[in-house]
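Chain by chain, the residues run as shown.
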Amino acid sequence: SGVPTPIDALGQCYGRQAALVPFSGVVLARGTAGEFVRTAGFVDTSQTTAITQDTRFRIASVQKVVTKTAIGLLVDQGRLKFDDPVGKYVTGLPPELASVTIEQLVDHRSGAVAFTRLTPETETMLRGAKSTSDLVALVASQPMSFRPGERQEYSNGGYFLLGAVIERVSGMSYGAYLKEAIFDPLGMTATSLEADSHTAAPLSKMAMEIGPVERRATSAGDGVSTAADLAKLGAALTGDTFLSKATRERLFPRRGESWRIGQGGGTMGTNTDLAAFPENGWVVVVLSNYDPPAGTLMAEALRGVVLGNGCKPLTETDRPSPFRMIRRPAS
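Residues numbered from 1 in each chain as written. Predicted model: local features only at pLDDT ≥ 70, side-chain atom pairs only at ≥ 80, totals over all residues. Heavy atoms only, no water.

Colleague: Can you walk me through the packing of aromatic side chains in this structure?
Modeller: Any pair of aromatic rings gets described here by the distance separating the centres and the angle formed by the planes. Applying the stated rule across the entire model yields three aromatic pairs. On the numbers, 6.0 Å between centres and 40° between planes, the contact of Phe-115 with Phe-160 is tilted. Of this pair, Phe-115 sits in the loop between α4 (102-106) and α5 (120-128) while Phe-160 sits in helix α7 (residues 156-170), placing them 45 residues apart in sequence. Taken as a pair, Phe-115 and Phe-160 share a single burial class, namely buried. Among the aromatic residues, those joined into a ring-pair cluster are Tyr-14, Phe-23 and Phe-36. Against the face of Tyr-159 rests Lys-64, its NZ or CZ located 5.7 Å from the ring centre. (Phe/Tyr/Trp six-rings, centres within 6.5 Å; stacked < 30°, edge-to-face > 60°. Helix = DSSP H or I, 4+ residues; strand = E, 2+ residues; numbered from the N terminus. Buried < 20%, exposed > 50% of the residue type's maximum accessible area, 1.4 Å probe, protein only. Lys NZ or Arg CZ within 6 Å of the ring centre and 35° of its normal.)

Take a look at the structure:
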């Protein structure tokens with residue numbers, strides 16, 4: 001008929017987007033029409049090992065989707081309520097912070113310290129934290145940004161507290177609970193909190209200027225996974241068997257025309273995006289070891305295709321980022 005299939009359309013869109021903005025990483029889109037996968041670039045700065053479908057990446061704030069899922073499982077098991085104050089489970093918090101609800105933490109409406117624009121002092125403090133308890137003490141030591149529920153403002157500190165809630169309610173470490181409740185049941189065998197020799201190195205101009213970026217995974221970010229593993233999580237979140245529909249709707253409220261479950265994330269040498277669409281069954285995963293917005297732009301262009309809105313390639317000026325991506329040297 002000459003009409004491109006969704007898989008063909010994804011391939012064409014990938015090519016158009018990669019021609020506009022250099023991309024290093026892996027893309028996986030899976031739906032009823034089939035599966036689209038592309039890889040590009042290298043795992044290492046010496047450019048000797050090509051990225052494959054099995055390459056593990058730091059997933060930045062896509063980790064928050066995993067943390068939300070863990071909270072949802074505890075809610076569905078009756079061990080936790082969205083309206084519970086965090087102080088019911090986590091001790092040592094000042095009264096106003098202790099009064100914040102689990103749902104306010106999930107929705108970034110808690111007022112807990114953001115920890116997004118890090119000063120050298122806070123960077124040192126975060127690197128010095130060895131446990132979830134240390135992270136809780138850090139959040140508790142910082143003034144709140146606003147009164148709970150007053151507005152919405154992205155907060156890594158709030159997700160540090162959710163990690164502590166998961167540990168307190170489950171009686172396990174954050175990583176151990178994720179493995180037992182999420183990774184093992186979904187067959188996410190390449191997903192963990194620890195990087196290994198198969199994890200893509202951050203190809204960041206900024207990271208190379210300041211030396212290697214030491215990242216320790218937390219409930220707010222920087223676990224390690226593959227595109228295939230995150231696609232399994234996305235698929236689980238499109239149905240009502242892993243989490244109840246009511247819980248999914250509170251964890252991932254519908255905003256806009258299409259119900260999208262997931263989020264993006266990025267820092268120096270990492271730019272990731274997970275999007276699952278319950279209404280049409282598509283899951284789109286983009287993992288990159290370039291600075292933002294390389295992965296963000298690719299993900300947005302491909303999401304347009306699976307939502308039936310066509311391919312609209314984007315440039316860096318469309319989505320300005322505090323992190324600038326590495327440019328290949330002119331030959």
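Colleague: What am I meant to see in the sheet that holds strand β2 (residues 34-40) here?
Modeller: Consider a sheet: its strands pair through backbone hydrogen bonds, and that pairing is either parallel or antiparallel. Pairing within the open sheet is antiparallel, and its five strands lie in the order β2-β1-β7-β6-β5. What marks the edges here is a single partner per strand, and that holds for β2 and β5 (261-267). Averaged over all neighbouring strand pairs, the angle between strand axes comes to 5°, with direction disregarded. As judged from the seven bridges shared by strand β1 (residues 25-31) and β2, these two strands associate in the antiparallel manner. Paired with Leu-28 across the strands is Val-37, a residue of β2. Contacting β1 and β2, helix α1 (residues 6-20) runs over the sheet at an angle of about 20° to β2. Contacts between helix α10 (residues 227-238) and the sheet are confined to β1, β5, β6 (270-276) and β7 (283-288), with β7 contributing the most and set at about 150° to the helix. (Pairing = 2+ DSSP bridges. Axes fitted to C-alpha atoms, helices over the stretch in contact; angles between N-to-C directions. Contact = heavy atoms within 4.5 Å.)

Colleague: Would you mind going over the environment of Asp-184 with me for this structure?
Modeller: Within the secondary structure layout, Asp-184 lies in helix α8 (residues 174-186). For Asp-184, a relative accessible area of 47% translates into the label partly exposed. Sequence spacing of Asp-184 and Thr-91 is 93 residues, and the spatial spacing of their C-alpha atoms is 30 Å.

Colleague: What's the story with helix α2 (residues 63-76) in this structure? I'm lost.
Modeller: Residues separated by three or four positions in an α-helix point in the same direction, a consequence of the helix having 3.6 residues per turn. A rise of 1.5 Å per residue sets the reference length of α2, with its 14 residues, at 20 Å; its end C-alpha atoms lie 20 Å apart and thus fit the reference within 8%. Summarising burial for α2: 13 of the 14 residues are buried, a large majority. Following α2 by one or two positions, Gly-78 has its phi on the positive side, about 75°. (Expected span 1.5 Å × (residues − 1).)

Colleague: What should I look at first to understand the packing of α2 against α8 in this one?
Modeller: Helix-helix packing: each pair is described by the crossing angle between the helix axes and the interaxial distance. It is the contact of α2 with α8, at a shortest axis distance of 10 Å, that shows an interaxial angle of 75°. Put simply, α2 runs roughly perpendicular to α8. Counted together, Gln-63, Val-66, Thr-67, Thr-69, Ala-70, Leu-73 and Leu-74 of α2 and Tyr-174, Tyr-177, Leu-178, Ala-181, Ile-182 and Phe-183 of α8 form the full contact between these two elements. When grouped by side-chain class, the residues that make up the contact of α2 with α8 number 10 nonpolar, three polar and no charged. (Parallel < 35°, antiparallel > 145°, perpendicular 65-115°, else oblique. Nonpolar A, V, L, I, M, F, W, Y, C, P; charged D, E, K, R; others polar.)

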